[in-house]
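Coordinate inspection notes
Chain by chain, the residues run as shown.
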Amino acid sequence: MDDQENSTLSVHDFETWEPLLRLLRAAHAEHLATPGGRVVGFIGRGGWSVPLKQMTHDAVRRVHSTLVNDDVNTVTFAVEIEAAGRTRLHILRPSPAVEHGIGPNPGALVLVEDALPEPWRRLPDPASGAAPAPSADPALLERTLRERLPGAVGATEAEIAAAETRLGIPLPEELKALYRVTRADWADWGSDFEAASRHSKAVRCELFGLAGLYVAEAATRECPWQRAAMEVVDTRPTAAVQGLAGSPGWIVFGDNGGGDRLAVDLTPGPQGHTGQIIKISHEEDIGARLVADSLTDLMLDRPAARTGSPENHPPTKAAAHAYSQQSLVDSVHPGLEVLSVGMSTGQPISIAPLTGLPRLRTLSAHPGTLADPWEIAGLTGLEYLELGSQEWRVLLDADIVPRGLLAVAINAPFDEDPLAVADLANELLALWDRPPITLTTIEGDLGPAA
């Protein structure tokens, strides 16, 4: 497909799909010949999943290019092809109220616009009595960096003040001292990568310029509802860092070179110091780790006296997994916030013991694990609920879907009919008057198979 042809086709044109449909027919002829037989997949801007062992990438790229033209992020497709070649192609386009899922199925349905899970709404506890570490020494920090970076161009007081105004928060003295030595502007190195590397070594990180400073509030840590709703904020009395998704007191100033952010922490945990340095990992959805007790310590390679690593903590009582009736009963506790019910070889589980728990906000149950979905009606504090299609069907038919929910998800296996899943999702979205997943069916003729 040349550029001119590419620019005129749409994702809803049969011609766009024809090369791919021919490959799918050849690979799945036996399945397509069975009554109701469909072949399912999805194509998105960031990748695709198409059931072909040997695939001509040009056929997928032909569809992919039209997504860009049509300003569509991803489509799920289901195709039926008769022996004579008559073809019916169903194309599902996502709703702005539905997050991207795994495979052909939708992710979480956000029922209230811009709603965030409770851990992402949580603000830090007051850091009463917190103070800078004894090692914090802006003057020593500045002298050390001037020795390491002779001739570096520092930021002016006006530039530092402008950054404070933009962020809406005063910069701590150690951070000001750092930027008085170096403003970390690429223009100062003249695109000299060796000079940039020496700079990063001197300041112990890939330092952002003042314009790159940002406050790592929870909203800056994007996480899909299906994961975020399962998290809990866990700050122990012995913690140096609060176990938050983000904080208005986390000022990000650099990167460790591996995608993790370094921040000055002005809202420390019960045993932390104001101005301590923390690492916000790109591999973790919540929490941060203590790196150094002060920025001075970071620059002088003095490790923190304690790590504050969340991995050193036992599982919190606020989240639990149940695989049997007894394990669910054992999980019941006034502080329980999150419960997932997983597959087991035993009998389905009654969730009646959860009724009345004051903090329970998330329930995720694998399909077929609940003895009586009607019991969900007693869980009045839920904000997130994830169930299989049959369980959702029970709640919808009985009109007992909890109306305090902020988001939901349909736990559907990859081989479940995506059209049926989309219909179910649209029923749930309609209860909150949210935009639906759209279905377009196009027909064409591939002619008899060769």
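Structure first, text after, so check above.
Below is a short write-up of the structure. (Residues numbered from 1 in each chain as written. Predicted model: local features only at pLDDT ≥ 70, side-chain atom pairs only at ≥ 80, totals over all residues. Heavy atoms only, no water.)

1. Description of the overall build of the protein chain
What counts here: Each helix is a run of H or I in the DSSP string that is no shorter than four residues. Each strand is a run of E no shorter than two, and both are numbered from the N terminus. Each residue gets one of three labels from its accessible area relative to the maximum for its type: buried under 20%, exposed over 50%, partly exposed in between, using a 1.4 Å probe on protein chains only. In this tally Asp and Glu are treated as negative and Lys and Arg as positive; neither His nor the chain ends contributes. For charged residues, the charge sits on one atom: NZ in Lys, CZ in Arg, CG in Asp, CD in Glu.
Each helix and strand in the protein chain was counted, giving 14 helices and 17 strands. If you line up the protein chain on its principal axes, its C-alpha atoms span 80 × 60 × 35 Å. Put simply, the protein chain has 450 residues, and 50% of those count as buried. Between the centroid of the 36 positive side chains of the protein chain and the centroid of its 61 negative side chains there is a distance of 5 Å.

2. Focus: the nonpolar core
Short version of the rule: Put simply, a nonpolar core is a bunch of buried Ala, Val, Leu, Ile, Met, Phe, Trp, Tyr and Cys residues held in one set by side-chain atoms that sit within 4.5 Å of each other. Residue contacts follow a heavy-atom distance rule, with two residues in contact if any of their heavy atoms lie within 4.5 Å.
Within the largest apolar cluster, 42 residues are counted, with the highest numbers of intra-cluster contacts made by Leu 339, Leu 354, Leu 363, Ile 376, Leu 385, Trp 392 and Leu 405. When contributions to this core are tallied by element, the ones reaching two or more residues are β12 (319–322), β13 (338–341), β14 (362–365), β15 (384–387), α13 (389–398), β16 (407–410) and α14 (418–431). Take this core: its biggest share by element is seven residues, from α14. If near-sequence neighbours (up to four positions away) are discounted, Leu 363 is found in contact with Leu 339, Val 341, Ile 351, Leu 354, Ile 376, Leu 379, Leu 382, Tyr 384, Leu 385 and Glu 386. Core analysis: the second largest hydrophobic core is formed by 31 residues, Leu 149, Val 203, Val 215 and Ala 292 among them.

3. A word on the environment of Ala 320
For Ala 320, the position within the fold is in strand β12. Assessed through its relative accessible area of 13%, Ala 320 is described here as buried. Aside from chain neighbours lying at most four places away, what touches Ala 320 is Ser 331, Leu 336, Val 338, Leu 339 and Ser 340.

4. Brief notes about helix α4 (residues 57–70)
Selection criterion: Between the first and last residue of a helix there are one fewer steps than residues, each counted as 1.5 Å, and that sum is the expected span.
Taking 1.5 Å of rise per residue, the 14 residues of α4 would be expected to cover 20 Å, and the 20 Å separating its terminal C-alpha atoms lies within 8% of that figure. Within the span of α4, buried status applies to Ala 59, Val 60, Arg 62, Val 63, His 64, Ser 65, Thr 66 and Leu 67. Looking one or two residues beyond α4, the residue adopting positive phi is Asp 71, at roughly 55 degrees.

5. Here's the deal with the sheet that holds β12
We apply this condition: In this description, strands pair whenever DSSP reports at least two bridges between them. Here, axes are lines fitted to C-alpha atoms. For helices the fit covers the stretch in contact, and angles between N-to-C directions go from 0 to 180 degrees.
One open sheet accounts for six strands, arranged β5-β16-β15-β14-β13-β12; its pairing is mixed. Only two strands of the sheet have a single neighbouring strand rather than two, namely β5 (109–110) and β12. Two elements, β13 and β14, share four bridges in a ladder whose sense is parallel. What sits directly across from Val 338, in β14, is Thr 362. Against the sheet, α13 contacts β15 and β16, and its axis sits at roughly 120 degrees relative to β15.

6. Description of the pairing of strand β9 (residues 261–265)
Counting buried positions over the five residues of β9 gives four, a clear majority of the element. The antiparallel pairing of strand β8 (residues 250–255) with β9 creates a hairpin that spans five residues between the two strands, and Gly 257 there sits at a positive phi of about 90 degrees. Where β9 meets strand β10 (residues 276–280), five bridges bridge the pair, whose relative direction is antiparallel. Within the sheet, the bridge partner assigned to Arg 261 lies in β10 and is Ile 280.

7. Remarks on unusual backbone geometry
The residue Ala 184 is not glycine, and still its phi comes out positive at about 55 degrees. Along the chain, the position of Ala 184 falls in the loop between α8 (173–181) and α9 (193–203). The class of Ala 184 is buried, set by a relative accessible area of 8%.

8. Some details on the sheet that holds strand β3 (residues 74–81)
A sheet is described by the order of its strands in space; here five strands give the open sequence β2-β1-β3-β4-β17, paired in antiparallel fashion. The open sheet terminates on both sides in strands that have one partner only, identified here as β2 (47–49) and β17 (438–445). Mean inter-strand twist for the sheet, computed between neighbouring axes without regard to direction, equals 15 degrees. Examined bridge by bridge, strand β4 (residues 86–93) and β17 share eight bridges and lie antiparallel to one another. Bridging from a neighbouring strand, Arg 93 pairs with Thr 438 of β17.

9. Description of the pattern of salt bridges
Which entries qualify depends on this criterion: By convention in these notes, a salt bridge is any Lys or Arg side-chain nitrogen within 4 Å of a carboxyl oxygen on Asp or Glu.
Tallied over the entire structure, the rule returns 27 salt bridges. With a closest N to O distance of 3.8 Å, Asp 58 and Arg 61 form a salt bridge. Taken together, the residues span about one helical turn, with Asp 58 and Arg 61 both in helix α4 at a distance of three residues. Assessed through its relative accessible area of 57%, Asp 58 is described here as exposed. A relative accessible area of 47% means that Arg 61 is categorised as partly exposed. Where Glu 443 meets Arg 88, a salt bridge forms, and the shortest distance between an N and an O atom there is 3.3 Å. Of the two residues, Glu 443 sits in strand β17 while Arg 88 sits in strand β4, which places them 355 residues apart along the sequence. By relative accessible area, Arg 88 is classed as partly exposed at 31%. By sharing partners, the salt bridges in this structure join Arg 38, Glu 80, Arg 86, Arg 88, Asp 417 and Glu 443 into a single network.

10. Observations concerning the packing of helix α6 (residues 138–148) against α8
Note the following rule: Between 65 and 115 degrees an angle is taken as roughly perpendicular, under 35 as roughly parallel, over 145 as roughly antiparallel, and anywhere else as oblique. Two helices crossing with the near one rotated counterclockwise from the far one by less than a right angle form a left-handed crossing, whereas a clockwise rotation gives a right-handed crossing. Residue polarity is assigned by list, with Asp, Glu, Lys and Arg as charged and Ala, Val, Leu, Ile, Met, Phe, Trp, Tyr, Cys and Pro as nonpolar; anything else, Gly included, falls into the polar class.
Running from amino to carboxyl end, α6 crosses α8 at an angle of 20 degrees, the nearest separation of the two axes being 9 Å. Judged on the interaxial angle alone, α8 and α6 are roughly parallel. Judged by the sense of rotation from one axis to the other, the crossing of α6 with α8 is right-handed. For the pair formed by α6 and α8, the contact residues are Pro 138, Leu 141, Glu 142, Leu 145 and Arg 146 on the first element and Glu 173, Glu 174, Ala 177, Leu 178, Arg 180 and Val 181 on the second. By residue class, the composition of the contact of α6 with α8 is six nonpolar, no polar and five charged.

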